[in-house]
Amino acid sequence: MISGILFDKDGTLFDFNATWGAWAQGMLADEAKGDAEVLDRLAEVLGYDQASRSFLPGSIVIAETATTIADAMLTVIDDDKAALVARMDAKASMAPQVEAVPLRAFFKDLKARNLKLGIATNDTEAPARQHLSRAGVEHVFDFIAGSDSGYGGKPDIGQLRGFCETVNLPAERCAMIGDSLHDLRAGRAAGMTTVGVLTGPAAARDLAPCADVILNSIGDLPGWLDRVKRERHRMS
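Since the model is a prediction, treat every value here as computed from it, not as a measurement.

What counts and what doesn't
Residues numbered from 1 in each chain as written. Predicted model: local features only at pLDDT ≥ 70, side-chain atom pairs only at ≥ 80, totals over all residues. Heavy atoms only, no water. Salt bridge = Lys/Arg side-chain N within 4 Å of Asp/Glu carboxyl O. Helix = DSSP H or I, 4+ residues; strand = E, 2+ residues; numbered from the N terminus. Buried < 20%, exposed > 50% of the residue type's maximum accessible area, 1.4 Å probe, protein only. Lys, Arg positive; Asp, Glu negative; His and termini not counted. Contact = heavy atoms within 4.5 Å. Polar contact = N/O pair within 3.5 Å; in protein donor to acceptor, adjacent residues only side chain to side chain.

**Here's the deal with the pattern of salt bridges**
Then, number 1: Taken as a whole and assessed by the stated rule, the structure comprises 14 salt bridges.
Then, number 2: Residues Lys9 and Asp123 are paired through a salt bridge, measuring 3.2 Å at the closest nitrogen-oxygen approach. Taken together, the residues Lys9 in the loop between strand E1 (4–7) and helix H1 (16–32) and Asp123 in the loop between strand E4 (116–120) and helix H6 (125–134) connect sequence positions 114 residues apart. Like Asp123, Lys9 is buried.
Then, number 3: Salt-bridge contacts for Glu125 lead to Arg129; the nearest nitrogen and oxygen are separated by 2.7 Å. Taken together, the residues Glu125 and Arg129, both in helix H6 and four residues apart, mark about one turn of the helix.
Then, number 4: Classification of Glu125 as partly exposed rests on a relative accessible area of 21%.
Then, number 5: Residue Arg129 is classed as partly exposed on the basis of its relative accessible area of 29%.
Then, number 6: Three or more residues joined by partner-sharing salt bridges are found here, namely Asp30, Glu31, Asp79, Arg87 and Lys91.

**Focus: the side chain of Asp179**
Then, number 1: Mapped onto the fold, Asp179 is located in the loop between strand E6 (174–178) and helix H8 (181–190).
Then, number 2: No salt bridge is formed by the buried Asp179, whose closest oppositely charged neighbour, Lys154, lies at an N-O distance of 6.7 Å.
Then, number 3: Aside from chain neighbours lying at most four places away, what touches Asp179 is Asp8, Asp10, Gly11, Thr12, Ile62, Val197, Gly200, Pro201, Ala202 and Leu207.

**What to know about the side chain of Asn122**
Then, number 1: Turning to its location among the elements, Asn122 is positioned in the loop between E4 and H6.
Then, number 2: Only 2.4 Å separates the side chain of Asn122 from the backbone oxygen of Ala63, close enough to count as a polar contact.
Then, number 3: Of note is the side chain of Asn122, whose polar atom sits 2.9 Å from the backbone nitrogen of Lys154.
Then, number 4: In this view, Asn122 contacts Ala63, Glu64, Thr65, Ala66, Ser147, Gly153, Lys154, Gln159 and His182; residues no more than four positions away in its chain are not counted.

As structure tokens, then:
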């Protein structure tokens, strides 16, 4: 029985390329300071297609932490890492978020099911909370952790263990929902049910090796929970 659900944020609650594609072009242009060659090199190291304004499936931006992304950018530009991360966080906190589904109604349904809810993101915590707050859903979560919250980042399982401890549930009664292999590998390693969603750049074939189930979006999650409940009742 699933009693707790831990969500990734970008690509899961919010459509990844719809949210970050256009935003990234402006961010990279600012960091390139008008140098077209530097802009092209930044796009290349981050796996960003400027023509389509979208991230490629193998982009490190999809699942890595801000510090790892900064490390890649610093192979192209000469800057202080802490200052670069701070600028990235400040700009990210203001990025308009495109919801994968209407989130208020979605989480109202989940809360009515008496589920414990959490966020585990490789984004840093402050902008993550701002995104959730602007969507009107920050208050529904029992646990919110970013890569700088003291639990580490995915695919390590610190955030997942932190969620289980906070909501007092064993991992086998929890599900990890995400759009990347980092999310699903962390879920597998922690002993959770793993649910892949297709609102990030990864295709179903990419997620399949680590997913117990793959859904088009989190909008399909309530129906899946109902099916799991019916199957369990039939077996009991």
